[in-house]
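Listed below are the residues making up each chain.
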Amino acid sequence: MAYLLLLALVYSFAIALLFFQFAIPKKSTALATFGVGFALLAIGYAAQIVLGFELNEGAARFFYLARWMLAIAWFGHGLLLSVVPDHKLITWAGRGLVLASFFGLGLVALTQITNAEDWFQPASTIYSQIGDLLATNRPTRWLAILLNLYGFVALVGMAIYMLLQRQTGSRAFLIILGAILMANPLVWSPSVESPAFYALELIAPILLFLGTLKFLQVDRPRQKTKRRRAAA
Amino acid sequence: MKKNQVQVVGFVFLAILMLWMRFSFYEPLDRSVSGHDTERYTVLLGTPNFWSELFTSNRQTTTTLVYRLLAPPGGYEITNLSSPGDFVQPPLAIQPGLDRISAFQSWLAIVAWVCLGLVVFRNLQNPAFKFLGAFLVLFFGFSPQIAQWDYVMLTEPVSMSLFVLLLALSVELVVLAARDQKSPSALTYVLLVAWFLIAIAWVFTRDTNVYLLLVILAAFAILVLIRSSRERLPLRQLLFFSALLLLLLFGANYSLQRSARWVNPFFNNFITHILPNPEYLAFFEAKGLPVTDEVRALEGTSLSSLAYFEIDYLVDWVEEHGSSAYMQFIITHPGWAIQTVLANSEAAFGESTQPFFERNPDVTLDSFFYFGRLMHPVHISILFITAAQIVLFVNLAIKNKDQSKKAIAGLFVVFLLGEIFMFAISILGDASSIVRHTMGAVMPMRLSLWLLPPFILDTAFSPQKDDRKDAKAPHGRMPKKKRS
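Calculation rules
- Residues numbered from 1 in each chain as written.
- Chains lettered and ligands numbered in written order.
- Predicted model: local features only at pLDDT ≥ 70, side-chain atom pairs only at ≥ 80, totals over all residues.
- Heavy atoms only, no water.
- Pairing = 2+ DSSP bridges.
- Helix = DSSP H or I, 4+ residues; strand = E, 2+ residues; numbered from the N terminus.
- Phe/Tyr/Trp six-rings, centres within 6.5 Å; stacked < 30°, edge-to-face > 60°.
- Buried < 20%, exposed > 50% of the residue type's maximum accessible area, 1.4 Å probe, protein only.
- Lys NZ or Arg CZ within 6 Å of the ring centre and 35° of its normal.
- Contact = heavy atoms within 4.5 Å.
- Patch = residues over 30% accessible without salt bridge, like charges linked within 9 Å, V, L, I, M, F, W, Y side chains within 5 Å.
- Areas by Shrake-Rupley, 256 points an atom, 1.4 Å probe, with all protein chains shown as cover.
- Salt bridge = Lys/Arg side-chain N within 4 Å of Asp/Glu carboxyl O.
- Domains from an automatic or database assignment.
- Buried area = accessible area lost by both parts, 1.4 Å probe.
- Lys, Arg positive; Asp, Glu negative; His and termini not counted.
- Charge placed at Lys NZ, Arg CZ, Asp CG, Glu CD.
- Core = buried A, V, L, I, M, F, W, Y, C linked by side-chain atoms within 4.5 Å.
- Axes fitted to C-alpha atoms, helices over the stretch in contact; angles between N-to-C directions.
- Parallel < 35°, antiparallel > 145°, perpendicular 65-115°, else oblique.
- Left-handed = near helix turned anticlockwise from the far one by under 90°.
- Nonpolar A, V, L, I, M, F, W, Y, C, P; charged D, E, K, R; others polar.
- 1 Å grid on protein atoms, 1.4 Å probe; cavity = no way out; pocket = protein on both sides within 12 Å on 5 of 7 lines; lining within 4 Å.
- Points joined across faces, edges and corners; volume = space filled by probe spheres on them.
- pLDDT = per-residue confidence, 0-100.
- Expected span 1.5 Å × (residues − 1).

Visitor: Can you lay out the sheet that holds strand β3 (residues 152–153) of chain B for me, pointing to particular residues and giving the numbers?
Guide: Strand order in the open sheet made by the three strands is β2-β1-β3 (chain B), with mixed pairing throughout. Both edges of this open sheet fall to β2 (93–94) and β3 of chain B, since each of them pairs with a single strand only.

Okay, here's the thing in structure tokens:
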């Protein structure tokens with residue numbers, strides 16, 4: 001059922017394009033941040049697909065950087081920006097996230113690949129093998145943990161905040177569930193590829209997309225009706 | 001340069017890129033491999049009664065006609081025979097005369113997939129999704145799991161390509177119908193004629209194809225019964241077209257009954273399903289089937305041995321009553337029919353690659369094959385995911401009040417139901433070579449899996465239509481203003 005990864009890639013890539021398309025005319029940082037989140041997720045899926053075929057150093061590095069280190073952080077920051085826009089602290093956090101992302105890029109680029117040809121199994125999930133595949137040093141690992149924690153807390157925290165504010169109901173649950181599903185393979189790395197693993201890989205970004213749709217006010221631009229034109 | 005022109009140039013560039021892929025990662029178009037059935041298409045060519053026997057002989061009409069039209073002066077020579085059942089899978093080679101068929105099949109497929117890519121590109125509004133949709137269609141069509149069939153001298157490649165053309169024309173037609181409503185344009189008539197001609201050719205490539213027409217006719221009937229849709233349809237034209245489809249349906253059925261094409265599949269079913277079960281055998285015995293020790297001895301024999309053809313009285317009975325008896329058996333044993341379809345479904349989805357020749361990994365790279373395999377999943381779950389995506393698409397199209405998207409969504413529903421029907425008939429029709437026989441239904445299901453995401457997102461985020469007049473604006477264009 002590896003095709004579900006490709007389907008997840010198609011949806012993530014398309015949603016990322018959509019967010020960027022909406023972000024540019026609105027000059028919305030929140031939308032662009034979510035676009036980056038989905039783009040990182042798409043890169044992660046693409047790397048997983050490549051690694052499902054053979055051991056590829058570039059794909060392994062891209063997977064670690066995009067999916068393992070950055071994706072959740074950018075999603076979380078996107079939600080922070082959309083719930084609490086123009087807050088000074090969050091603006092600084094955003095700058096910090098950009099800096100941390102570039103720092104992470106440098107760290108991952110410098111990380112050595114272990115002699116994995118002997119044991120790497122394309123048929124197993126990359127989540128269970130990436131730890132041994134990349135000889136990550138302590139700063140790299142800690143940066144990944146820090147960024148994921150930041151993103152996860154932001155996603156879940158903001159969803160709960162919105163729930164308490166009664167601004168949204170089911171969508172907050174979708175975000176919480178999406179965040180848990182996205183973080184799940186990073187914590188409990190599945191070693192065996194099962195139908196459930198592939199299904200969750202597809203469902204996680206869709207849940208996040210559905211959950212954040214309303215917050216980000218990505219509404220369809222309506223064509224003017226006669227009545228609206230007359231009112232105008 | 002205008003935005004539309006840039007997009008067209010972009011599509012041309014994408015098509016060229018994919019064509020380069022098609023020609024670079026596959027063997028030359030003159031190579032081929034034959035199956036056991038290939039000889040049947042060439043036998044009739046030299047006979048004086050070719051035209052009179054074209055529809056009633058034991059050969060697929062369209063394929064035989066293609067072989068006739070492309071026949072070289074020296075005729076065809078089968079020099080590279082494959083037999084997957086015996087594990088004989090020779091590499092591709094040039095077979096005298098058949099190089100023309102191979103080239104024809106390849107070019108037909110290329111034209112068909114580019115047409116479908118263009119149609120998808122035209123009917124999506126968001127520029128990003130236009131390219132995504134066209135890319136997915138072209139990559140799907142030029143992946144090894146599809147393109148390798150073009151080198152196999154059987155009915156499947158032409159059948160698949162004609163289906164793709166039919167789908168492309170269907171999308172254009174439903175969009176035009178949604179726009180023009182009661183007054184179809186000249187273009188609609190031209191496309192309808194093209195659709196009907198292709199449908200004739202497609203129906204006569206594989207006998208199970210005709211069952212899609214039944215579902216289309218049922219959809220027409222439902223549209224006519226619903227008042228709101230009836231008011232917007234050109235009823236006279238629709239009834240005339242339905243009559244043509246009915247005629248085609250009966251023509252195909254008549255051709256099948258007059259030919260002996262169904263006799264071999266009947267025996268495959270008889271040996272696999274009927275003989276081992278005393279209750280089922282009693283049913284056929286009651287219909288007059290001569291159940292002798294000689295007939296009982298067929299149980300467990302290899303389907304490819306064709307030993308049953310040596311029992312004359314059995315063959316005589318089957319040719320006279322076999323088809324109607326088997327139909328009655330299916331109707332009176334619906335539980336068995338459903339169980340048989342379900343039991344074979346997983347196997348039918350279980351393979352996506354042609355088994356007739358071994359891929360040359362120096363030409364068609366392993367990595368390319370791997371990505372093709374991802375696009376052609378071998379898991380039955382694609383059926384449910386496609387169905388879920390269609391439900392979402394229909395829901396969004398209705399919410400968005402976009403007539404053209406509603407029409408396309410409806411088309412997807414009709415085609416999926418038709419494919420499921422074809423799938424079931426293929427399994428019940430022949431107990432042998434289930435993967436190959438169901439491919440005509442499974443391939444479109446796999447295609448739908450990738451066609452739907454761009455349409456879903458495009459519908460969800462395209463401008464919402466607020467009144468029915470906007471339905472007159474297809475492809476993102478607004479209707480022309482009337483001169484005051």
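Visitor: Tell me what's going on with the packing of aromatic side chains, and back it up with residues and numbers.
Guide: Residues and elements named next belong to chain B. All told, the structure shown has 49 aromatic pairs over all chains when counted by the stated rule. On the numbers, 5.4 Å between centres and 65° between planes, the contact of Y370 with F371 is edge-to-face. We classify F371 as partly exposed; its relative accessible area is 28%. Three or more aromatic residues joined by ring pairs make a cluster, and in this case those are F266, F267, F270, Y280, F283, F284, Y326, F329 and W336. The positively charged end of R22 is found above the aromatic ring belonging to Y26, 4.9 Å away from the centroid. Taking NZ or CZ as reference, K130 lies 5.0 Å from the ring centre of F121, over its face.

Visitor: Could you give an account of helix α13 (residues 263–274) of chain B, with specific residues and numbers?
Guide: Residues and elements named next belong to chain B. Buried residues dominate α13, accounting for ten of its twelve residues. The complete set of buried residues in α13 reads V263, P265, F266, F267, N268, N269, F270, I271, H273 and I274. Each element contacted by the buried residues of α13 is listed here: α14 (278–286), α15 (293–296), α16 (312–332), α17 (334–349) and α20 (403–429).

Visitor: Residues and numbers for a nonpolar patch on the surface, please.
Guide: All names here are of chain A. Judged by side-chain polarity, W142, I145, L149 and V153 come together as a nonpolar surface patch covering roughly 460 Å² of accessible area. Structurally, V153 can be placed in helix α6 (residues 138–164). The exposure class of V153 is exposed, given its relative accessible area of 54%.

Visitor: Could you give an account of the domain arrangement of chain B, naming the residues involved and the relevant values?
Guide: Accessible area lost when the parts come together is the quantity often used to give the size of an interface. Residue and element names in this part refer to chain B. Per the domain assignment, the segments making up chain B are domain 1 (19–259 + 353–473) and domain 2 (263–332). For domain 1 versus domain 2, the distance between C-alpha centres works out to 33 Å. Facing the six residues of domain 1 at the interface are nine residues of domain 2. Ranking the residues of domain 1 by area buried against domain 2 places L428, D430 and A431 at the top, with a combined share of 62%.

Visitor: Please set out a negative patch on the surface residue by residue, giving values where relevant.
Guide: Residue and element names in this part refer to chain B. A surface patch of like charges, here negative, comprises E294, D312, D316, E319 and E320. Among the elements that make up the negative patch, the one with the highest residue count is α16 (four residues). In this fold, E319 is placed in helix α16.

Visitor: Break down the nonpolar core for me, with residues and values.
Guide: Counting 239 residues, the largest nonpolar core has W113, W195, F284 and W450 of chain B as the members making the most contacts within it. Formed jointly, this core draws a minimum of three residues from each of two domains, domain 1 (19–259 + 353–473) and domain 2 (263–332) of chain B.

Visitor: Let's hear about the packing of helix α10 (residues 210–225) of chain B against helix α12 (residues 235–258) of chain B: which residues, and what values?
Guide: Residues and elements named next belong to chain B. At a minimum axis separation of 10 Å, α10 and α12 run at an interaxial angle of 155°. On the basis of the axis angle, α10 is roughly antiparallel to α12. Seen along the crossing, α10 lies across α12 with a hand that is left-handed. When α10 is examined against α12, the residues V210, L213, L214, I216, L217, F220 and V224 are found in contact with a partner set consisting of L235, L238, F241, S242, L245, L246, L248, L249 and A252. Class assignment of the residues belonging to the contact of α10 with α12 gives a composition of 15 nonpolar, one polar and no charged.

Visitor: Let's hear about the layout of surface pockets: which residues, and what values?
Guide: Residue and element names in this part refer to chain B. Quantified by volume, the second largest pocket comes out at close to 1,300 Å³. As for the second largest pocket, its lining consists of 40 residues, of which V174, F220, L223, L233 and A407 are closest to the centre. For the lining of the second largest pocket, the secondary structure elements donating two or more residues are α8 (156–180), α9 (186–203), α10, α11 (227–230), α12, α19 (381–400) and α20. Top element by residues in the lining of the second largest pocket is α20. It accounts for ten residues. Per-class residue counts for the lining of the second largest pocket are 29 nonpolar, eight polar and three charged.

Visitor: Give a description of the side chain of Q60 of chain B that names residues and reports values.
Guide: Positionally, Q60 of chain B belongs in the loop between α3 (50–53) and α4 (61–69). Excluding residues within four positions of it along the chain, Q60 of chain B makes contact with Y41, T155, F204, T205, R206, D207 and R261 of chain B.

Visitor: Mind laying out the pairing of strand β1 (residues 31–34) of chain B, listing which residues take part and the relevant values?
Guide: Residue and element names in this part refer to chain B. Two elements, β1 and β2, share two bridges in a ladder whose sense is antiparallel. When the bridges of β2 are listed, S32 appears paired with A93. Inspection of the sheet shows β1 paired to β3 by two bridges, in the parallel sense. What sits directly across from V33, in β3, is V152.

Visitor: Can you lay out the packing of helix α1 (residues 3–24) of chain B against helix α5 (residues 98–122) of chain B for me, pointing to particular residues and giving the numbers?
Guide: Residue and element names in this part refer to chain B. Between α1 and α5, whose axes approach to 11 Å, the crossing angle comes to 150°. For the element pair α1 / α5, the angle class is roughly antiparallel. Along this stretch, α1 crosses α5, giving a crossing that reads as right-handed. Judged by residue contacts, Q7, F11, L19, R22 and F23 of α1 engage S106, W107, I110, V114, G117, L118 and F121 from α5. Each residue belonging to the contact of α1 with α5 can be placed in one class, and the counts come to eight nonpolar, three polar and one charged.

Visitor: Before we move on, can you summarise the confidence of the model for chain B with the specific residues and values?
Guide: Residue and element names in this part refer to chain B. Scored by pLDDT, chain B comes out at a mean of 87, with 95% of its residues at no less than 70. Averaged over each element, pLDDT in chain B is lowest for α3 (72) and highest for α5 (95). This stretch, residues 466–484, has a pLDDT under 50; its non-local contacts, to residues over four places away or in other chains, come to 28 contacts.

Visitor: Residues and numbers for the confidence of the model for chain A, please.
Guide: Residues and elements named next belong to chain A. Averaged over every residue, the pLDDT of chain A is 86; the share at 70 or more is 91%. When pLDDT is averaged over each helix and strand of chain A, the minimum, 52, is found for helix α9 (residues 226–231) and the maximum, 93, for helix α2 (residues 29–51). Here residues 218–225 is modelled with pLDDT under 50, and outside its nearest four sequence neighbours on either side it reaches 27 contacts, counting other chains as well.

Visitor: So what's going on with α19 of chain B? Residues and values would help.
Guide: Between its terminal C-alpha atoms α19 of chain B stretches 28 Å, which fits the 28 Å expected from 20 residues at 1.5 Å a residue. If you check which residues of α19 of chain B are buried, you get S381, I382, L383, I385, T386, Q389, I390, F393, L396, A397 and N400 of chain B.

Visitor: Account for unusual backbone geometry, with residues named and values stated.
Guide: Backbone geometry places K27 of chain A, a non-glycine residue, at a positive phi of 50°. Within the element layout of this structure, K27 of chain A appears in the loop between α1 (3–26) and α2.

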